[in-house]
Every structure is written in C-alpha cells, then in structure tokens.
There are 2 protein chains.
Amino acid sequence: MSILLKNIGKLLNPRSDGTWDEISQAAISFDDKVLRYGPEAAMISKAGDAEIIDAGGKLVTPGLVDSHTHVAFAEPRQAEFEMRNAGKSYQEIAAAGGGIRSSVRSLRAISEDELVERILPRLNTFLQYGVTTIEAKSGYGLSTEHELKQLRALKSCAERHPIDIYRTLLAAHEVPDEYRDNRAKYLDIVINETIPAAAEAGLATFCDVFCEEGVYSVDESRRVLVAAKAHGLIPKIHADQLSYSGGAELAAEMSAASAEHLDYISDAGIRQMADAGVVFCLLPGAVIFLGLDRYPAARKIIATGGQIALSTDFNPGSSATQNLPLMMTLGCVFCKLTIREALWAATYGGAAALKCTDWTGSLNLDQAADLVIWNCDDERLIPYYFGVNLVQDVYKSGRLVVKDGKLLA
Amino acid sequence: MSILLKNIGKLLNPRSDGTWDEISQAAISFDDKVLRYGPEAAMISKAGDAEIIDAGGKLVTPGLVDSHTHVAFAEPRQAEFEMRNAGKSYQEIAAAGGGIRSSVRSLRAISEDELVERILPRLNTFLQYGVTTIEAKSGYGLSTEHELKQLRALKSCAERHPIDIYRTLLAAHEVPDEYRDNRAKYLDIVINETIPAAAEAGLATFCDVFCEEGVYSVDESRRVLVAAKAHGLIPKIHADQLSYSGGAELAAEMSAASAEHLDYISDAGIRQMADAGVVFCLLPGAVIFLGLDRYPAARKIIATGGQIALSTDFNPGSSATQNLPLMMTLGCVFCKLTIREALWAATYGGAAALKCTDWTGSLNLDQAADLVIWNCDDERLIPYYFGVNLVQDVYKSGRLVVKDGKLLA
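Engineer: Can you help me understand the sheet that holds strand S9 (residues 206-211) of chain B in this one?
Structural biologist: Remark on secondary structure: sheet strands pair via backbone hydrogen bonds, oriented parallel or antiparallel. Residue and element names in this part refer to chain B. One open sheet accounts for eight strands, arranged S6-S7-S8-S9-S10-S11-S12-S13; its pairing is parallel. Since the sheet does not close on itself, it has two edges, and those belong to strand S6 (64-66) and strand S13 (308-310), each with one partner. Going from strand to strand, the sheet's axes swing by 25 degrees on average, the running direction of each strand aside. Strand contacts of helix H6 (residues 144-160): strand S7 (131-137) and strand S8 (164-172), with the helix running at about 175 degrees to S8, the strand carrying the most contacts. Each of S8, S9 and strand S10 (234-239) is contacted by helix H8 (residues 218-230), which is oriented at about 175 degrees to S9, the strand it contacts most.

Engineer: Whenever I open this one, the environment of Cys 335 of chain B confuses me. Can you help?
Structural biologist: Following the sequence through the fold, Cys 335 of chain B ends up in helix H13 (residues 324-335). If we skip the residues at most four places from it in the chain, Cys 335 of chain B touches Tyr 295, Pro 296, Ala 298, Arg 299 and Leu 330 of chain B.

Engineer: Please explain the interface of chain A and chain B as it appears in this structure.
Structural biologist: Bring the parts together and some accessible area is lost; that lost area is often taken as the interface size. Each side of the interface is counted separately: chain A has 46 residues, and chain B has 46 residues. Summed over both partners, the interface of chain A with chain B comes to about 3,600 Å²; 65% of that surface belongs to carbon and sulfur atoms. The largest contributions to the chain A side of the interface with chain B come from Gln 78, Tyr 384 and Phe 386 of chain A, which together make up 21% of the buried area. At the junction of chain A with chain B, the criterion picks out 20 residue pairs in polar contact (both at pLDDT 80 or more). Looking at the side of chain A that touches chain B, the elements with two or more residues in it are helix H2 (78-85), helix H11 (284-289), helix H13 (324-335) and helix H16 (381-384) of chain A. Counting residues per element, the side of chain A that touches chain B draws most heavily on H13 of chain A, which supplies seven residues.

Engineer: What should I look at first to understand the environment of Cys 207 of chain A in this one?
Structural biologist: Residues and elements named next belong to chain A. Along the chain, Cys 207 falls in strand S9 (residues 206-211). In this structure the C-alpha to C-alpha distance between Cys 207 and Ser 102, which are 105 residues apart in sequence, comes to 22 Å. When neighbours within four sequence positions are excluded, Cys 207 is seen to be in contact with Thr 168, Leu 169, Ile 195, Val 224, Leu 225, Ala 228, Leu 233, Ile 234, Pro 235 and Lys 236.

Engineer: What is the right way to look at the domain arrangement of chain A in this model?
Structural biologist: Residue and element names in this part refer to chain A. Segmentation of chain A into domains returns domain 1 (3-63 + 363-407) and domain 2 (74-353). If you average the C-alpha positions of domain 1 and of domain 2, the two centres end up 30 Å apart. Taken together, the contacts link 32 residues of domain 1 with 23 residues of domain 2. For the pairing of domain 1 and domain 2, the buried interface totals around 2,300 Å² over both sides, and the portion due to carbon and sulfur atoms is 66%.

Engineer: Would you explain the sheet that holds S9 of chain A in this entry?
Structural biologist: All names here are of chain A. Spatial ordering of the open sheet is given by S6-S7-S8-S9-S10-S11-S12-S13, a layout of eight strands whose pairing is parallel. Either end of the sheet is taken by a strand with one partner, and the two such strands are strand S6 (64-66) and strand S13 (308-310). Each strand of the sheet is rotated relative to its neighbour by a mean of 25 degrees, with strand direction disregarded. Pairing analysis gives three bridges linking strand S12 (residues 279-282) to S13, with the strands arranged parallel. Paired with Leu 282 across the bridge in S13 is Leu 310. The strands touched by helix H5 (residues 112-128) are S6, strand S7 (131-137) and strand S8 (164-172); relative to S7, the strand with the most contacts, the crossing angle is about 135 degrees.

Engineer: Explain helix H5 (residues 112-128) of chain B to me, please; I cannot follow it from the model alone.
Structural biologist: Residue and element names in this part refer to chain B. Taking 1.5 Å per residue, 17 residues should reach 24 Å; H5 reaches 25 Å between its end C-alpha atoms and fits that length. Those residues of H5 that fall on the buried side of the exposure criterion are Leu 115, Val 116, Ile 119, Leu 120, Arg 122, Leu 123, Thr 125, Phe 126 and Leu 127. Downstream of H5 by one or two residues, Gly 130 has phi in the positive range, about 90 degrees.

The rules behind these values
- Residues numbered from 1 in each chain as written.
- Chains lettered and ligands numbered in written order.
- Predicted model: local features only at pLDDT ≥ 70, side-chain atom pairs only at ≥ 80, totals over all residues.
- Heavy atoms only, no water.
- Pairing = 2+ DSSP bridges.
- Helix = DSSP H or I, 4+ residues; strand = E, 2+ residues; numbered from the N terminus.
- Axes fitted to C-alpha atoms, helices over the stretch in contact; angles between N-to-C directions.
- Contact = heavy atoms within 4.5 Å.
- Buried area = accessible area lost by both parts, 1.4 Å probe.
- Polar contact = N/O pair within 3.5 Å; in protein donor to acceptor, adjacent residues only side chain to side chain.
- Domains from an automatic or database assignment.
- Expected span 1.5 Å × (residues − 1).
- Buried < 20%, exposed > 50% of the residue type's maximum accessible area, 1.4 Å probe, protein only.

Encoded structure:
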C-alpha cells in the first residue's frame with residue numbers, strides 16, 4: 001500500500017542544475033519509491049486507497065546523503081583529541097600510538113562480526129540526523145585480509161539496516177607499519193592483490209586514495225587509481241587537504257567521481273575538476289575538529305561551475321561527527337555557501353558524488369522514497385539552529401524509521 | 001520516596017577547586033535533593049526502601065548549567081545569518097532591519113503570554129541537551145514596559161517548567177531606536193526607572209550591560225551597574241567581545257558575578273578579574289557563528305587562577321545554538337581547555353557564574369538532584385563526538401524529565 005504524506009508546509013526537491021523545485025502546501029505519495037508529488041489539493045483527489053499521513057505543515061526534503069565517511073572503525077580516539085588540543089603535534093601523537101595507524105591496530109584486532117556490531121548503532125545515529133544514504137570506506141585494514149573484512153562488514157550492515165551504504169576501497173589510506181621501510185611493496189600489494197580481490201568479490205563501487213605530502217604522492221595515487229579503473233572501480237581522491245598536492249588535477253585526469261577535502265585546491269584544479277564533472281566533496285568538520293582555519297574556496301568552485309557535496313568525513317581521528325546538518329552550518333559560515341547551496345550539497349550533491357542521483361538525493365519518480373520531515377517550515381533554520389537536531393521523521397525507502405526524533409525498532 | 005541510581009560506570013562530581021571527585025561503579029541516592037553518593041556496594045547496603053534504578057554502567061555528571069542565554073526572544077533571525085555569510089556587514093544588516101533592534105521590534109509586538117509559549121519549547125530543548133539550569137536575560141524590550149514583560153515571561157516559564165531560570169535585567173543591551181539621538185535619556189530611564197522597577201518586583205537577580213565600542217562605554221556601563229548594585233542586583237558585563245573595551249577591568253571593579261565573551265580581554269583584565277573572583281564566562285558559539293576567529297585566552301585565565309564558565313549565548317543573532325556540549329568541543333579545540341576543564345566550566349563553573357554553587361552544578365548533600373546519565377562511560381566522548389547528542393536521561397530536582405533522549409510529558 002502507498003502513503004500519501006499531506007499538509008507539507010514546504011516541499012523542496014533539488015534539481016541537477018542546483019535550482020530547486022519548491023511547492024507550498026504540498027503532498028507526496030510513495031510506496032518504497034516516489035510515485036508523485038505536487039500541490040496538496042490535486043494530490044488528495046488522486047489519493048485512492050493510500051494511507052494518508054499529515055506532515056503538520058512542516059518542511060520536507062529528500063533524505064540527506066553523506067558521501068564521505070569512515071564509519072567502519074573499531075575504536076574512538078578521544079585521547080588523541082585531548083592530546084591535540086594540548087598542543088601535541090601529529091608526530092608526537094603518532095609516536096604515542098595515535099593516528100590512522102592506531103585505528104589500524106584496533107581494526108585488525110577485532111572480528112568481522114564484532115565490527116558489524118560496532119557499526120550498526122552508528123548507522124542508527126546517521127538516520128536520526130536525517131541521513132538515509134552514506135558512503136563508507138575501508139582504510140583501517142591496510143592488508144588485503146583486513147581491508148576486505150572491513151568491506152564485508154559494511155555489506156553485512158547494509159543487509160541488516162535500512163540505510164544504503166556505498167562502499168569504497170581505501171587500501172591506500174596510509175602505509176602500514178610493516179611496510180614503513182618498503183612502501184613500494186605495499187603499493188604493489190594494493191594494486192596486484194587488494195584491488196583485484198575487492199573488485200572480484202563485488203565489495204566496492206569506488207576506490208579512494210589519500211594523496212597528500214607524507215602519505216601517497218600524485219604518481220603513486222595515479223598508479224592506484226589506474227589499477228582501480230582497470231578493475232571497474234570508480235576513482236575518488238583525498239586531495240589537497242593539508243597542503244597543495246595536485247590531487248585535484250589528478251582527480252580530473254582520472255575522471256574521478258569526486259575529490260575530497262580540497263582545502264588547498266589550486267585554481268587550475270578547480271577548473272579541471274569542474275570541466276571533468278568531478279564533484280567537489282567538502283569536509284568542513286575536519287577543519288574545525290583539527291583546529292585549523294583554511295576552508296575550501298567554495299564560491300570560486302561554484303563560479304567555475306563545479307558541483308559541491310558536503311559530508312561529515314565521520315572518522316575517529318579528524319572528524320568525529322555524524323551531524324551532517326551541522327556541516328551545512330560550517331559550509332555556510334566558513335565556505336560562504338548559501339543555505340540552499342548547502343542543502344543541495346547535502347542531498348543532490350552527495351548523490352552526485354556517489355553517482356546515484358537516479359536513486360536518491362532527490363524526490364523524483366521511481367527514486368527511493370528517502371525523505372525527512374523537519375521540525376520547522378523553513379530550511380534556513382536547519383543550519384541556523386546549529387548543533388541542534390531538527391530532524392523529526394525520516395522515511396527510508398518508504399518506511400518510517402525515525403519518528404519524533406526517535407529511532408523505530 | 002527516594003531513588004537509588006546504581007550501576008553508574010563512572011560518577012564525576014566537580015569540586016570548587018577545579019578538581020573532580022571520581023568514583024567507578026558508583027551509586028547515588030536522591031529525592032528532590034541529593035542524599036549521598038559513593039561506591040555502589042556500600043550504597044546498596046543502605047538503600048532502605050529506595051526505588052532502585054540501573055544506570056547501565058554509564059557516566060553520570062551533574063546537570064549542565066548554561067549561565068548565559070537570551071532565550072526570551074520572539075523570532076529567529078535566519079535571514080540575517082544568510083546575509084552575513086553572503087558578506088553583508090553589520091551596518092548593512094542593521095540598515096535592512098536586522099540586528100538586536102530587529103529582535104526588539106518583534107519582542108515588543110507580542111504579548112507576554114505569547115512570549116511564554118515561544119520560550120517553553122526552547123526550555124525542552126535545553127533539557128534534551130543535558131542543561132538543567134539556565135540564566136536568561138531581558139534586553140529585547142529596551143523600555144521599562146517590555147523589559148519587565150520579558151522578565152515576567154521568564155518567571156512564568158520557570159513556574160511551568162522543570163528547568164531553573166536565573167533572570168538578568170539587560171536593559172542596556174542596545175540603545176533603542178526612539179533614543180538613538182538621545183542615548184543619555186535612555187540611560188537615565190534604565191537607571192532611574194527600569195532597574196528600580198525590576199528590582200522592586202523581584203524580577204531579576206542580576207543586571208548585565210553590553211559594554212562594547214558602539215554600544216555602551218565603560219563609563220556608561222559603570223553608571224548602570226552602580227545603580228543595579230544599589231538596588232540589590234548583582235552585576236554582569238558583556239565585555240571585550242569584538243574589541244578591547246576595558247569591560248573586564250570594570251567587572252573586577254564592580255565585583256561582578258561574571259564577565260561574558262572576553263575574546264579581547266587584556267592581561268590586566270585577566271589578573272583583576274581573577275583577583276576579584278569574577279567568573280570568566282566564555283561563549284565560543286558566538287565566535288564561530290559570526291565566522292570570527294579570535295577566542296578568549298583560556299589557558300592564560302586558568303594559569304592566573306580564574307574560574308571559567310562555558311555557555312551557549314543562545315540568541316537569535318550571534319549564537320543560535322542550545323547545544324552546550326558542542327560548546328565544550330569548541331572550548332577544547334579553540335580555547336585549549338582540557339575536556340575535564342570544559343566539563344567543569346559547563347557544570348560548576350556555570351553555577352559559579354550564577355552564584356548558585358550551593359544549589360546546583362555539583363552533586364553534594366542537599367543540592368538539587370540535577371543529573372545527567374550520558375550514553376557513554378567516558379566523559380571525553382562528550383566533546384569528541386561533536387554535534388551528536390550523547391544525553392540519555394536527565395533528572396531535574398530528582399524527577400526524570402528526559403529518558404532515552406526523549407522529553408517526558
């Protein structure tokens with residue numbers, strides 16, 4: 001049976017060109033997919049035997065899409081947060097056992113089943129913040145065995161949980177301890193073993209690489225992504241986060257789905273990515289959580305015709321948040337996005353970064369019925385009341401999964 | 001009947017000197033006030049006929065105290081948020097009808113009863129973020145009639161709602177439009193009419209003034225606060241927020257309960273306030289929401305022996321958040337507080353700023369049974385998982401008011 005959600009004060013549906021279809025006093029009908037939406041009066045006359053639910057005059061948008069997460073971690077790293085604020089350098093923290101390598105140790109130490117149990121409650125939290133689709137990366141295994149374990153755990157989670165998860169192989173997230181003195185050998189393993197194995201097992205849609213001084217160079221990143229493409233994985237790149245690396249230009253060259261962070265992107269990188277249709281995935285949560293002050297040049301990106309996604313970068317080291325609406329606030333304040341641009345970046349833009357705009361991120365015919373009823377009638381209040389969760393109800397594929405802010409069993 | 005809350009994984013109770021009483025596997029007994037707490041085994045043997053409730057191994061702290069809010073506003077100012085991010089100056093926003101004067105127009109336009117209805121749901125939100133006591137200011141009336149209306153509305157709210165509200169007269173928040181060309185006349189009204197009337201009606205405990213270039217000078221602020229003290233109101237001062245004004249030194253001279261913001265406080269101001277026992281009330285939410293980058297010198301304040309409170313500054317213009325735990329994150333990242341210092345500032349420190357440490361902000365005998373059960377067993381996770389609400393259950397004066405994150409009717 002279908003649902004007719006009526007008395008929607010404002011329905012906002014993002015279009016591919018960055019504009020919005022906006023209807024006051026609207027209704028939307030759906031089963032697991034969207035059937036149609038429009039002005040309420042016309043919709044009610046065609047309601048048939050649909051179950052009618054009253055949205056109370058509230059705002060309805062598509063479910064949010066968080067296109068960059070590292071949700072599959074074993075342990076939080078709160079001690080490192082404290083050390084960083086006390087002025088410890090990255091090197092000191094690493095020497096004390098912190099950083100990505102700490103997450104690698106804890107991830108390797110637990111079983112796939114245990115990892116699933118740790119991820120599932122985090123997926124609930126995403127739903128409570130209005131997020132109905134996420135991307136999730138490996139990258140804490142740093143061996144074929146443990147990278148695939150991470151991806152399999154994410155696949156199991158998606159089978160057990162309403163949220164949609166797009167999986168990304170990030171075997172080139174760091175150099176594992178055991179190959180510190182022979183990074184070429186680890187890259188060979190990634191290219192000749194991990195990528196083929198993940199692709200063959202159907203465990204990943206995307207392949208990402210951390211292209212940054214001290215991690216992987218542009219040349220190394222290119223080798224990884226060329227191999228990924230040869231195996232049918234779509235490239236993504238962590239690029240120009242802490243310094244300019246040329247990663248954005250590589251993203252364009254590789255026709256990546258998206259490039260991530262981009263706090264130090266060059267003008268040439270912006271132009272090339274925009275021309276190549278690579279989505280600019282901005283992660284302001286990592287800037288603030290690391291206490292930094294350089295944000296990506298979003299206005300220049302938009303002026304150049306680039307498409308922006310906003311994501312949490314949820315991870316235990318540099319951005320321990322799952323509050324995507326709060327990233328909209330940071331996008332507005334520090335990247336100078338308009339509120340509509342920020343909302344677009346957290347819906348359609350996120351789906352564009354995952355190449356799934358036909359499925360979610362907007363509310364068109366035959367797309368998943370992923371939608372949020374907000375506890376307000378004005379989308380401007382979402383980033384404005386910052387840090388306060390205005391998500392009221394969430395439907396995922398037509399099923400009510402959050403009601404009055406509470407997760408339904 | 002009393003309650004015995006057992007199986008507390010960690011109980012944290014702040015002491016006046018900034019240290020903590022910390023007990024693992026603890027229990028606490030209370031009716032509307034705290035009876036005692038200690039290691040669980042000893043507590044259970046003395047349980048008597050208390051109702052026993054299991055805290056599930058979680059962390060318990062005092063309820064949070066938000067010692068600086070402007071919760072009694074009529075309308076949000078989301079349009080101004082958008083304008084500011086688009087690069088409009090304060091002057092342009094004011095010319096377009098924004099700023100405090102916009103809040104004055106909307107506040108004056110509604111009745112006291114209507115104002116009560118608008119405040120009450122915001123008090124619910126505070127409880128959901130673990131805040132059991134707030135300070136709340138007038139300052140959007142800017143006439144004796146409307147300032148008193150605001151304070152009476154707050155008094156009515158406190159009578160109808162579990163949260164404790166300490167009221168502050170802030171008639172000197174701005175110069176009202178009708179006295180733009182005769183500010184001396186408005187100050188005379190504040191001093192000779194508004195302050196006496198508010199004090200006589202028992203409507204305020206504190207009197208605050210916005211001491212800042214372009215608003216009230218140090219001399220004007222002194223006149224207001226001298227009058228306030230003469231009428232039994234305790235001084236507070238918005239000081240050194242956007243520029244150095246000498247407001248901190250005035251706070252010391254006046255023996256204020258606290259001085260607020262302090263982003264530009266001088267070293268002399270720090271010394272004098274610390275010597276005078278004036279609490280340093282830090283409001284990092286306003287820094288971030290305004291897109292600024294100068295935070296108060298918290299480490300210097302602590303090194304000088306000053307007591308810090310952390311608050312939301314919840315208001316419709318410069319800090320539209322009610323998430324006090326998120327202010328802890330900002331305090332850690334940008335003011336370089338330790339996590340324990342941030343938690344202290346949001347509990348004991350807040351109570352110190354309100355001169356109510358005998359009543360709340362800690363969990364000692366005969367204090368209000370205001371406590372939070374957090375959805376974690378480690379206080380470091382509260383600021384770490386930033387923007388995500390870890391409040392599970394809240395007791396206010398011994399009554400369960402939030403359960404599993406949901407407000408009870």
